[in-house]
Amino acid sequence: MPFESAERPVARSVAGGLLALLIVATNALAQSPGQRTYANPIDIDYRYNFEQQNQGISYRSGADPVIVVQRGEYYLFETIGDGYWRSRDLGSWQHITPSRWPLTDIVAPAVLSVRDTIYLLPSTTTPLPILMLTEPATGHVEFYNRLLPWLPMARQFEPGPGLFAKPDSVQPGPWDPQFFHDPDTERWFLYWNSSNVYPLNVIELDKTKRLAYKGAPHWLFGLDPKNHGWERFGQDHRDSTITPFIEGAWMTKHRGRYYLQYGAPGTEYNVYATGVYLADNPLGPFSYAPYNPVAYKPGGFVQGAGHGNTFQDVHGNWWNTGTPWIAVNWHFERRIGLHPAGFDDDGQMYVDTRFGDFPHWLPTKAYRKSDELFTGWMLLSYRKAATASSARDTFPASNVTDENPRTFWVAGQNRPGESLVVDLGRAYEVKAIQVNYADYKSGLYGKDSTVFTQFRLSASSDGRQWKTVADLSRDRRDRPNAYIELPTPLRARFVRYEHIHVGAANLAISDIRVFGNGDGTRPPTPTGLSARRERDERNATITWQAIPRMVGYNVRWGISPTKLYQTYQRFADQGTTLELRALTVDQPYWVAIESFDENGVSNPSSAVPLPSAQPE
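Residues numbered from 1 in each chain as written. Predicted model: local features only at pLDDT ≥ 70, side-chain atom pairs only at ≥ 80, totals over all residues. Heavy atoms only, no water.

1. Observations concerning the sheet that holds strand β22 (residues 337-343)
Spatial strand order, β20-β21-β22-β23: four strands in an open sheet with antiparallel pairing. This sheet does not close on itself; its edge strands, each paired only once, are β20 (310-312) and β23 (349-351). Ignoring strand direction, the axes of neighbouring strands in this sheet form an average angle of 35 degrees. As paired strands, β22 and β23 are joined by three bridges and run antiparallel to one another. Bridging from a neighbouring strand, F343 pairs with M349 of β23. (Pairing = 2+ DSSP bridges. Helix = DSSP H or I, 4+ residues; strand = E, 2+ residues; numbered from the N terminus. Axes fitted to C-alpha atoms, helices over the stretch in contact; angles between N-to-C directions.)

Now the structure itself:
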């Protein structure tokens, strides 16, 4: 029987061997053997959230992802998923409805695959079971620990307004939990918390007692926004009225060192990021990594990279998941991102978000450097002309090429035959197209037989003769961020979307993103790069000379000229001045700049140092 969680309202739970067999058969057919690439946000059937149903707020969402590997396949768990997803290649994902699931679904779960078992614990403030999956492809879910005890030293209620826990007690929980198994010692631990008052915590688990708590919790560390610029709250770290949140712990052990990752400063802005502390023991003491944040993506179409997990694929390559934001209908309207990651020769952890929402190769072997996975397929559609068969007055077709998921086109009616045409301005070699739907008064709060996406894509060199490049007219899956890799590149100037069906009450599309390559030479390297540290050392002002007809620029930065692992992407019409507000006090940095357009990417400029604070 399903069990009940006190935190969330109603999700489905379906059992039965016949269903499990059906899932296996469907999964086998659903894989796309010709797909070689993916693009963020990842292309899964994000579920409609039910939590705001009584307020009439409808939206799809996915957040707090964990991807684990079990028997050579990938399994994705996340918040409000009505189950989980399975993949053989990290590109094609099939939803699995489990045999047993919390009635109120799960939020930010602890998930870990160890040997032949996946262990799962939802976020909670009261005792819940630990679930286990030994045959995850079938959807069969069992209890591992039928009911955990109360978290030691946790208070059931706050003592009073403005009064918070002392170091000898912790919040009820664990919320945002994460398991860690140390393969060298066979010890188990649980890390957790999501708070703008309390720090991360850890407690050892007793495997002989089915991962019951062992001993007492340890307070670890909280945020320090006065010294860590990226831990400040708000859009581009500009909101000083709210204390930032630390959450989403994940532990990775690499070459004997422990890398405890955490999300900050809040999920509902472009600067949601992942940081890391280092230790020689899973209980600490932990030291702040000078190169933080490790996963940071404040610019581009997909913004935000916090609260995910770090894992190795079947070839040994490192990856990091994260939670980018949409925040149109609700501040927790989100998606899932996947980025290459790794550790350099000095043990520095990094997550590569450069061109992080452009097409990347799916892994088929071990790679030497993360940038080998970038396809080099460039964005062809930015600010290009778009026309529609119909449009609501305040939701024009031009919104579909602005690289902003918070603006969108709304058709006059949700009916078959509505269309959009993007004029790329001239012919390019088109290689992939991404159709990103928006939820405008969708009126949906869960999955039913009407919730699926059907459309056709066609391309033309002259706007008169069209060739179909993708036909999803029989697809029965909801694809709010449908990514289509063309079987073969096609030379075209125009791309057309022809609508057939969405389950929502309105047809709304935020962006149609077209990728490929032009015939020209790669753009020149920007000149005139200047980087000035402000008196507040958390901030720096970076400027460069504009280059005509560029699509955009990447500001690349890091703690040395050879470690420019961070990227802030800027489109050319956003100007040539960037205030970077993510720096750590007393930490030196270096900055470089590169340009990009439809033809490719320039060589990066020479790196320039960011000097210490300037005198008045």
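Here the narrative resumes.
2. Quick notes on the packing of aromatic side chains
Taken as a whole and assessed by the stated rule, the structure comprises 40 aromatic pairs. Taken together, a centroid distance of 5.1 Å and an interplanar angle of 80 degrees make the contact between W318 and F343 edge-to-face. With W318 in strand β21 (residues 318-322) and F343 in strand β22, this pair connects stretches of sequence that are 25 residues apart. Taking the relative accessible area as the measure of exposure, F343 reaches 14% and is therefore buried. (Phe/Tyr/Trp six-rings, centres within 6.5 Å; stacked < 30°, edge-to-face > 60°. Buried < 20%, exposed > 50% of the residue type's maximum accessible area, 1.4 Å probe, protein only.)

3. Remarks on the sheet that holds strand β33 (residues 530-533)
Strand order across the open sheet formed by three strands is β33-β34-β37, with antiparallel pairing between neighbours. Strands with a single pairing partner mark the edges of an open sheet, and in this sheet they are β33 and β37 (577-580). On average, each strand axis in the sheet is inclined to that of its neighbour by 15 degrees, with strand direction left out of account. Note that β33 and strand β34 (residues 540-543) share four bridges and pair antiparallel. What sits directly across from S530, in β34, is T543.

4. Observations regarding the layout of surface pockets
Of the volumes computed, that of the second largest pocket is approximately 670 Å³. Y350, K369, S370, D371 and Y565 are the residues nearest the centre of the second largest pocket, which is lined by 29 residues in total. Among the elements that take part in the lining of the second largest pocket, β22 stands out by supplying three residues, more than any other. Split into classes, the residues belonging to the lining of the second largest pocket amount to eleven nonpolar, eight polar and ten charged. (1 Å grid on protein atoms, 1.4 Å probe; cavity = no way out; pocket = protein on both sides within 12 Å on 5 of 7 lines; lining within 4 Å. Points joined across faces, edges and corners; volume = space filled by probe spheres on them. Nonpolar A, V, L, I, M, F, W, Y, C, P; charged D, E, K, R; others polar.)

5. Structural notes on the pairing of strand β31 (residues 481-501)
Here 13 bridges tie strand β28 (residues 419-437) to β31, and the two strands are oriented antiparallel to one another. Each bridged residue has a counterpart across the sheet, and for V421 the counterpart in β31 is R496. Examined bridge by bridge, strand β29 (residues 454-460) and β31 share seven bridges and lie antiparallel to one another. Bridged to S458 within β31 is R496.

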